[in-house]
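Okay, here's what each chain looks like letter by letter:
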Amino acid sequence: MKGLVISWCVLCAGIGGGYVAFSMAVSTKALLESGLKVPARVIQLVESRSRSNEKTSITYHPVFKYEVDGKTYERKSNLGANPPSYEVGEVTTLTIDPKDPSNYISSDFWGRWGGNLLVGAGSVFFSLLAGIDIFLKLRKSNKLNKIQGT
């Protein structure tokens, strides 16, 4: 019974993750439709190191410099890559939130849809895993009830 409760909790978490992914996608789509397209120059690549299992991995986060309404902004991307997605000096287009110019979406696929994709894929995985587990446990329980004559 305890295993079934855990599976239901995982299923609910998966469904919740699906809602979050959907909300993120709607928000991204709205910003892409209503946002300002501005040119931005990559002025720096910030190196980020993480260590796991005695292995160090390095990612490079671009720092974008752009101007909106005469004000200059410099923002480090939350998305890092190795090899770097951008080169210093490269010019790209950012979609800026007109109400909050520090909020932007980069023009590459991962900048636009990466978070949505990862959260959505995780929610599908956990929902399927839990759903299959619940189905098998209920089916097994039903067979036991038939065998026992209840």
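Residues numbered from 1 in each chain as written. Predicted model: local features only at pLDDT ≥ 70, side-chain atom pairs only at ≥ 80, totals over all residues. Heavy atoms only, no water.

Q: Describe the layout of surface pockets, naming the residues involved and giving the relevant values.
A: One number sums up the size of the largest pocket: a volume of about 380 Å³. Around the largest pocket, the lining is made up of 20 residues, and of these Asn78, Asn103, Tyr104, Ile105 and Gly111 lie nearest the centre. Elements supplying a minimum of two residues to the lining of the largest pocket: helix 1 (2-34), strand 5 (100-106) and helix 2 (109-148). Per-class residue counts for the lining of the largest pocket are 7 nonpolar, 11 polar and 2 charged. (1 Å grid on protein atoms, 1.4 Å probe; cavity = no way out; pocket = protein on both sides within 12 Å on 5 of 7 lines; lining within 4 Å. Points joined across faces, edges and corners; volume = space filled by probe spheres on them. Helix = DSSP H or I, 4+ residues; strand = E, 2+ residues; numbered from the N terminus. Nonpolar A, V, L, I, M, F, W, Y, C, P; charged D, E, K, R; others polar.)

Q: Before we move on, can you summarise the environment of Arg75 with the specific residues and values?
A: Within the secondary structure layout, Arg75 lies in strand 3 (residues 71-76). On the accessibility criterion, Arg75 (29% relative accessible area) is partly exposed. A C-alpha to C-alpha distance of 16 Å links Arg75 and Pro98, two positions 23 residues apart in sequence. Look past the residues within four positions of Arg75 in its chain and what remains in contact with it is Pro62, Val63, Phe64, Tyr66, Ser102 and Tyr104. (Buried < 20%, exposed > 50% of the residue type's maximum accessible area, 1.4 Å probe, protein only. Contact = heavy atoms within 4.5 Å.)

Q: Give a detailed account of unusual backbone geometry, specifying residues and quantitative values.
A: Following Asn82, the chain continues into Pro83 via a peptide bond in cis, with omega recorded as 10 degrees. One non-glycine residue, Asp69, lies in positive phi territory at about 50 degrees. Position of Asp69 relative to the elements: it lies in the loop between strand 2 (55-68) and strand 3.

Q: An account of the nonpolar core is needed here, citing residue identities and associated values.
A: Grouped together as the largest cluster of nonpolar side chains are 11 residues: Val38, Ala40, Val42, Phe64, Tyr66, Val68, Tyr73, Tyr86, Leu94, Ile96 and Tyr104. Going through the elements one at a time, strand 1 (36-52), strand 2 and strand 4 (91-97) are the ones with two or more residues in this core. Contacts of Phe64, omitting those with residues within four sequence positions, involve Ala40, Arg41, Val42, Tyr73, Glu74, Arg75, Ser77, Tyr86, Thr92, Leu94, Tyr104 and Ser106. (Core = buried A, V, L, I, M, F, W, Y, C linked by side-chain atoms within 4.5 Å.)

Q: Explain the confidence of the model for the protein residue by residue, including any values.
A: Do not read the fine detail of predicted coordinates wherever pLDDT is low. The predicted model of the protein averages 86 in pLDDT, with 94% of residues at 70 or higher. Mean pLDDT in the protein bottoms out at helix 2, which sits at 82, and peaks at strand 4, which reaches 92. (pLDDT = per-residue confidence, 0-100.)

Q: Explain helix 1 to me, using residue names and the numbers behind them.
A: The first and last C-alpha atoms of helix 1 sit 48 Å apart over 33 residues, in line with the 48 Å expected at 1.5 Å per residue. For helix 1, the set of buried residues is Leu4, Ser7, Leu11, Gly14, Gly17, Ala21, Thr28, Leu31 and Leu32. (Expected span 1.5 Å × (residues − 1).)

Q: Quick rundown of the packing of aromatic side chains? Include the residues and the values.
A: Using the criterion set out here, one finds 5 aromatic pairs in the structure. Ring geometry for Phe64 against Tyr104: centres 5.7 Å apart, planes inclined by 80 degrees, an arrangement best described as edge-to-face. Highlighted residues: Phe64 in strand 2 and Tyr104 in strand 5, separated in sequence by 40 residues. For Phe64, a relative accessible area of 1% corresponds to the buried category. (Phe/Tyr/Trp six-rings, centres within 6.5 Å; stacked < 30°, edge-to-face > 60°.)

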